[in-house]
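Coordinates in review
The lines below spell out each chain.
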Amino acid sequence: MVLPHSVFALPFALASLLTATHGRPSLHILFWVIVCMVLARTTAMAYNRLADADIDAKNPRTMNRDIPAGRIKPWQVKVIIWVCAMGFVLATTRLNPLAAKLSPIALAIILFYSYTKRFTWTSHLFLGLALGVAPVGAWIAATGKFEVEPLWLLAAVICFLAGFDILYATQDEAFDKQEGLQSWVVKWGIANSLKASRFFHACMLGFLAGFGAQVGFSAVYYVGIGLIGAIFLYQHQKAYKLEKRGDTTQFTLSPSVMKMNGWISVLYFAVVGVTVWFSKGY
């Protein structure tokens, strides 16, 4: 449950860490950043499943998840949440004082997302924020300071996740309307949601470029960003065909599309790695 969703944020966190340390993070920091990421994502995913258990039980697409299906009890999930949340806070103390002080705020952000679709159609942006704090946290872990550079990655991840999650919400348009839940699709419809998704993904590329300019990356980096842009173009022109579908209740995003978005995160990490380690311009 955790690993497929972690792949969206972990590569950005590691890219931030590589940049902040100029490609030379200590094993100590690298280890504890990964530990913090795993614990934070486990806490967030478990809490989200617990908060949404009653909704998931009604939705044909999600009723087979562990809690609605009875494979795991709510009290067991609560234990996981508390253990991982406390473990996350303790793990941040192994980094630096600022990371430890900000850890409760990070937890509050990632847990708050679970309730947003109950009252706002901008919940997709809150999902992006929940994952976008990862590169900021990694930067603070490396430097012990709050600086402007990782905020570009924060904005990029918000746009990345929002762009994809809006598309993901098309699968539940009818159900969300029935249950009174909020989403971009429910508020603005399929056509406008597709435009919003493309807009957010375009903004992501802009923020990634801004990050490169902020930290002084060489041209190698921008070649990689161009490649990511080409993948987005392929996705929106070839993979997403909602405009031609009249009944969105029958639409599902294929696993290959989900994997492609995960690979975009991994590709970005690779781009930063190549830039930092092999480019003479950084």
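Note: the structure precedes this text.
This brings us to the overall build of the protein. Scanning the protein from terminus to terminus reveals eleven helices and zero strands. A fraction of 73% describes how many contacts in the protein between residues 6 or more apart in sequence connect residues 24 or more apart. With an accessible surface of roughly 13200 Å², the protein has 68% of that area assigned to carbon and sulfur atoms.

A separate point is the pattern of salt bridges. As a working rule, side chains carrying opposite charge can pair if their charged atoms are close by. Considering all chains together, one arrives at eight salt bridges under this definition. Salt-bridge contacts for Glu173 lead to Lys177; the nearest nitrogen and oxygen are separated by 3.4 Å. Note that Glu173 and Lys177 are positioned in helix α8 (residues 173-179) at a spacing of four residues, about one turn of the helix. Via salt bridges that share partners, Asp52, Lys117 and Arg118 belong to a single interconnected network.

A word on the packing of helix α6 (residues 123-143) against helix α7 (residues 149-169). Following both chains from N to C, one finds α6 and α7 inclined at 150°, their axes separated by 7 Å at the closest point. One element, α6, and the other, α7, form an angle in the roughly antiparallel class. In this structure, the crossing between α6 and α7 has a hand that is right-handed. Here His124, Leu125, Leu127, Gly128, Leu129, Leu131, Gly132, Val133, Pro135, Val136 and Trp139 of α6 lie close against α7, whose contacting residues are Glu149, Pro150, Leu151, Leu153, Leu154, Val157, Ile158, Leu161, Ala162, Asp165, Ile166 and Ala169.

At His22, a position not held by glycine, the phi torsion is positive, near 55°. Here His22 is to be found in the loop between α1 (2-20) and α2 (27-51).

What follows is about the nonpolar core. Generally speaking, soluble globular proteins have nonpolar side chains that are buried together. Counting 66 residues, the largest nonpolar core has Met204, Leu208, Tyr221 and Tyr268 as the members making the most contacts within it. With twelve residues, the top contributor of residues to this core is α7. Setting aside anything within four residues of it in sequence, one finds Tyr221 in contact with Leu208, Ala209, Phe211, Gly212, Tyr268, Val271, Val272 and Thr275. Judged by nonpolar contacts, the second largest core, of five residues, contains Ala53, Ile67, Val77 and Ile81.

Next up on the list: α7. Taking 1.5 Å per residue as the helical rise, α7 with its 21 residues ought to reach 30 Å, and the 31 Å between its terminal C-alpha atoms agrees with that figure. Across the 21 residues that make up α7, a large majority, 18, are buried.

The next subject is the environment of Val33. Along the chain, the position of Val33 falls in helix α2. With 59 residues separating them in the primary sequence, Val33 and Thr92 have C-alpha atoms 8.2 Å apart. With residues near it in sequence (within four places) discarded, Val33 still touches Leu17, Leu95, Ala138 and Ala141.

Calculation notes
- Residues numbered from 1 in each chain as written.
- Predicted model: local features only at pLDDT ≥ 70, side-chain atom pairs only at ≥ 80, totals over all residues.
- Heavy atoms only, no water.
- Helix = DSSP H or I, 4+ residues; strand = E, 2+ residues; numbered from the N terminus.
- Contact = heavy atoms within 4.5 Å.
- Areas by Shrake-Rupley, 256 points an atom, 1.4 Å probe, with all protein chains shown as cover.
- Salt bridge = Lys/Arg side-chain N within 4 Å of Asp/Glu carboxyl O.
- Axes fitted to C-alpha atoms, helices over the stretch in contact; angles between N-to-C directions.
- Parallel < 35°, antiparallel > 145°, perpendicular 65-115°, else oblique.
- Left-handed = near helix turned anticlockwise from the far one by under 90°.
- Core = buried A, V, L, I, M, F, W, Y, C linked by side-chain atoms within 4.5 Å.
- Buried < 20%, exposed > 50% of the residue type's maximum accessible area, 1.4 Å probe, protein only.
- Expected span 1.5 Å × (residues − 1).

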